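Residues per chain, in single letters:
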Amino acid sequence: MTIKTTLMAGTATALIALAGQAMADAHAVHPVTGQALASEQVFTYRVLDDFPSIDPQLIQDVSGSEVARDLFEGLMNEDAEGNVIPGVATGFEVSDDGLVYTFTLRDTAKWSNGDPVTAGDFVYGIRRAANPETASEYAWFLEVAGILNASAVTAGEMPLEELGVRAIDDLTLEITIDAPRPYFPQTSTFPTLFPAHQATIEAFGDNWTDPENIVSNGAYTLSEYTPQEKLVRVRNPMYWNNDATIIEEVTALIINDENAALTRYLAGELNMTDIPAGQYPRLKEEYPDQAISFPNSCSYYYMFNMSDSGPEALADARVRQALSLAVDRDIIVENVLAGGQRAAYTFTHWAIPGWEVPDIPMATMTQAERNAMAVELLAEAGYGTDNPLTLEIVYNTSDSHAAIAVAVSQMWKQTLGVEATLANQEWATFLDTRGEQNYEVARGGWCADYAEPSTYLDLFTTTSSYNDGKYSNAEVDALMQEAKLASDPLPLYQRVEEIAAADAAIIPVYHYASVRMMSENLENWPTENLLQNWYSRDLYISASE
Amino acid sequence: MFSYIIRRLVVAVPTLLILIIISFVLMFAAPGGPFTSERALPEAVMNNVMERYGLDQPYWKQMFDYVTNIVLHFDFGPSFQYRDRTVNDVIAQGFPVTLTYGFWSFVVAIVVGVSLGVAAAIRHNTWLDYLAVGISIGAQVLPNFVMAPILLLVFTLWLGWLPGGGWNGGQWNYVIMPVIALSTSYMASIARITRSSMLEVLNSGFIRTARAKGLPTSRIIIRHALKPAMLPVLSYLGPAFVAMITGSVVVDVYFSTGGIGQFFVNSAFNRDYSVIMGITILVGALTILFNLLVDIAYAWIDPKIRY
């Protein structure tokens, strides 16, 4: 290297450092987009409920995970499209059999107290999630990730040391899984698998997540937490990539009522809030640049009780088929919900990366054709005016579930003469009712744990503990088993959807959308990230012109 | 008097115990549990969680341990919903909030309610009476879940005078809307009770005597009429005060104050057993206490009442 290039390199480094310094400056621009940045980089958003926990190994809800992804950093992160990108780990290698993942950690990663982040911290964190003493409700996620011996360790049948995770040295972590799972790296972006600072946890016990105690390794640190009111996090100067962080302060305001939240958004107190059901068209017209809708990886469906305790009629695939055909999804999506949701004829969310929705006959028919077929099928099954079918639809108390149930019961009545009564139940009661097969038809909603079709399709397997309809088809079970080891499982998944559709295992109703109000100057929101795994450090506030 | 107070406090103990027993029975009779979720937990995970919270014990043992912990350590147990907090934490954080806005609501409700009621009674069947009755009926029929969004719309969105929610350590501008929303219906009830009892008192013999003596009206009202007219109001104030200082679901939900009012509903939905119990006991104990205080105040106001 000549003196000149050394000088240039030195200047460049100084300039980059300066650019970092200048972020808070009114004249600063975003390094990639070149947009002018607002002088105040503060992001405030609304959450529905208080956080049951912000301890990564205990977190089980979406809003808690959002906080954890800011405060902590896992082995891998997600980019705006949901692709897995380096986090604390610079990368990983997979063994030929697909069972052993070796992660290399970056040596610049630090905890907020200055300690280096080591492979041992990940071992401690993951073991902590599995430890029966931690009693984490989310210990099951380690089984989803497939970490070797997770269920036995959680059940207390094996010592913690038998868990498939070990530190080879400070910067090398080895994780062994029980079967090849192509989605495994993505599970490392989930808080359950985040590192934990052992000394802090041992010193403060259950209070280690209090703002004055917490030690974290993410782009932000916790500065204030008033339960039921707000949680504030500020930029972490010890974060290895702190120079790239633009937002200085992030506040989650806990606002239970979505209409109150909307009013406060309109009053300028928030940068982002959810749009209450049915208000999207109006707000889109009034605030075209702020009201947005994008896919959200959950599917809404009705399940049939096909167990012995269920009605005899629902054991007949023709009846189920007729009930499914008679539901006019377009009316539900366009008139009842009106928020950019999509009609569903299959279970897996249409926007799952790499997923291609198979051709289901029902999907391409007109509603008139569907209704005609439905009438025919129901008559074949022996139900009609002389032998009317009566059913009860159970759903958990909510205005939009009620609206959908009313619409569905009307459609069934008009098209098929089916007498459906509606019953709403409070959440915990509803889950009990459904879990004990104490219902006829029930509402269901399922959200992806990871961006791959099996997160949905596993529900169709006989042994799934989430299969509340007790649907069972040996071919589906076999296909799902086969898909685990297949190099290209897509055709197998498509076949499962086809079988489930032919059996009318469920009535898929619609695929969810996130319907939000978002400030015009809040930039870089990852609308393409289907699981909505966002990181505050990727966002910025642009200067208004 | 002293022995009466002691007697009442002694009776309070079995009353609270019965309250605890009934709440326990109702709670466990409700379907589902604190760890019921859309995805049923694997058995091993469920066992760990149940064991951690002692829910694997027989009901009588759970109740016994619970009461023992309260009596010996004043420990109301961990919250099942908020893993990082205990019930003591939840109450310590939320009760000062509801106590603050509840106390101010109480003051506003009494001052405005009594003034309106007295004014209406003195100027019986005049425009002032009709106005006062009109205001109190209006305030009574406007439920606070309608009032809260209207306040938010007017003061936050249109006028931009007040923050739309939060508590901010009880800074005055965060307290105004919760106080208005909470106090109006109590204010209306107090005004109506004051008015009718004031009317009754003003028509009684001793007031006529006072007038006959030629005492000025203001003196008659303040010295002679107000005190007896307050008796029916007083019996309303005891339970009303407890209801106000333990907050309101609507206020907490709408203004995100962080008070304990919302736990009345949320903890039941979440089957957060220990929080349900903690709140029930808190409200039960406060109700017993303030009913006692009201009875003592009775004796002070009305010399005819002796215990």
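One can find the structure itself at the top, above this paragraph.
Being a predicted model, the structure only gives us computed values, none of them experimental.

Analysis parameters
- Residues numbered from 1 in each chain as written.
- Chains lettered and ligands numbered in written order.
- Predicted model: local features only at pLDDT ≥ 70, side-chain atom pairs only at ≥ 80, totals over all residues.
- Helix = DSSP H or I, 4+ residues; strand = E, 2+ residues; numbered from the N terminus.
- Pairing = 2+ DSSP bridges.
- Axes fitted to C-alpha atoms, helices over the stretch in contact; angles between N-to-C directions.
- Contact = placed C-beta atoms within 7 Å.
- Left-handed = near helix turned anticlockwise from the far one by under 90°.
- Nonpolar A, V, L, I, M, F, W, Y, C, P; charged D, E, K, R; others polar.

Engineer: Whenever I open this one, the overall build of chain B confuses me. Can you help?
Structural biologist: The helix and strand inventory of chain B stands at twelve helices and zero strands. Walking chain B from its N terminus toward its C terminus, one meets helices and strands in the order α-α-α-α-α-α-α-α-α-α-α-α. Projected onto its principal axes, the C-alpha positions of chain B cover 85 × 55 × 30 Å.

Engineer: Help me out: how do you make sense of the sheet that holds strand S4 (residues 89–94) of chain A in this one?
Structural biologist: By way of backbone hydrogen bonds, the strands of a sheet pair with one another, either parallel or antiparallel. All names here are of chain A. Here four strands make up an open sheet; going across it, the order is S4-S5-S7-S6 and the pairing antiparallel. Two strands lie at the open edges of the sheet, namely S4 and strand S6 (165–169), each paired on one side alone. Pairs of neighbouring strands in the sheet enclose a mean axial angle of 25 degrees, with direction left out of account. Summarising the sheet, S4 and strand S5 (residues 100–105) pair through five bridges and their orientation is antiparallel. In the strand pairing of S5, Gly91 is matched with Thr104. Docked against the sheet, helix H3 (residues 119–130) engages S5, S6 and strand S7 (172–176), running at close to 170 degrees with respect to S6.

Engineer: Got a minute to help me understand the packing of helix H6 (residues 144–158) of chain B against helix H7 (residues 172–202) of chain B in this structure?
Structural biologist: In helix packing, the relevant descriptors are the interaxial angle and the interaxial distance, both defined with respect to the helix axes. Residues and elements named next belong to chain B. The contact between H6 and H7 brings their axes to 10 Å, and the two run at 145 degrees. Every pair of crossing elements has a handedness; the one defined by H6 and H7 is right-handed. Contacts from Asn144, Met147, Ala148, Leu151 and Phe155 of H6 reach H7 at Met177, Ile180, Ala181, Leu182, Thr184 and Ser185.

Engineer: Hey, could you run me through the interface of chain B and chain A in this one?
Structural biologist: By convention, interface size is frequently given as the accessible area that disappears when the constituent parts associate. Listed by partner, the interface residues are 39 residues for chain B and 41 residues for chain A. When contributions to the side of chain B that touches chain A are tallied by element, the ones reaching two or more residues are helix H2 (43–52), helix H4 (87–122), H6 and helix H10 (249–255) of chain B. Among the residues forming the side of chain B that touches chain A, the class breakdown is 17 nonpolar, 15 polar and seven charged.

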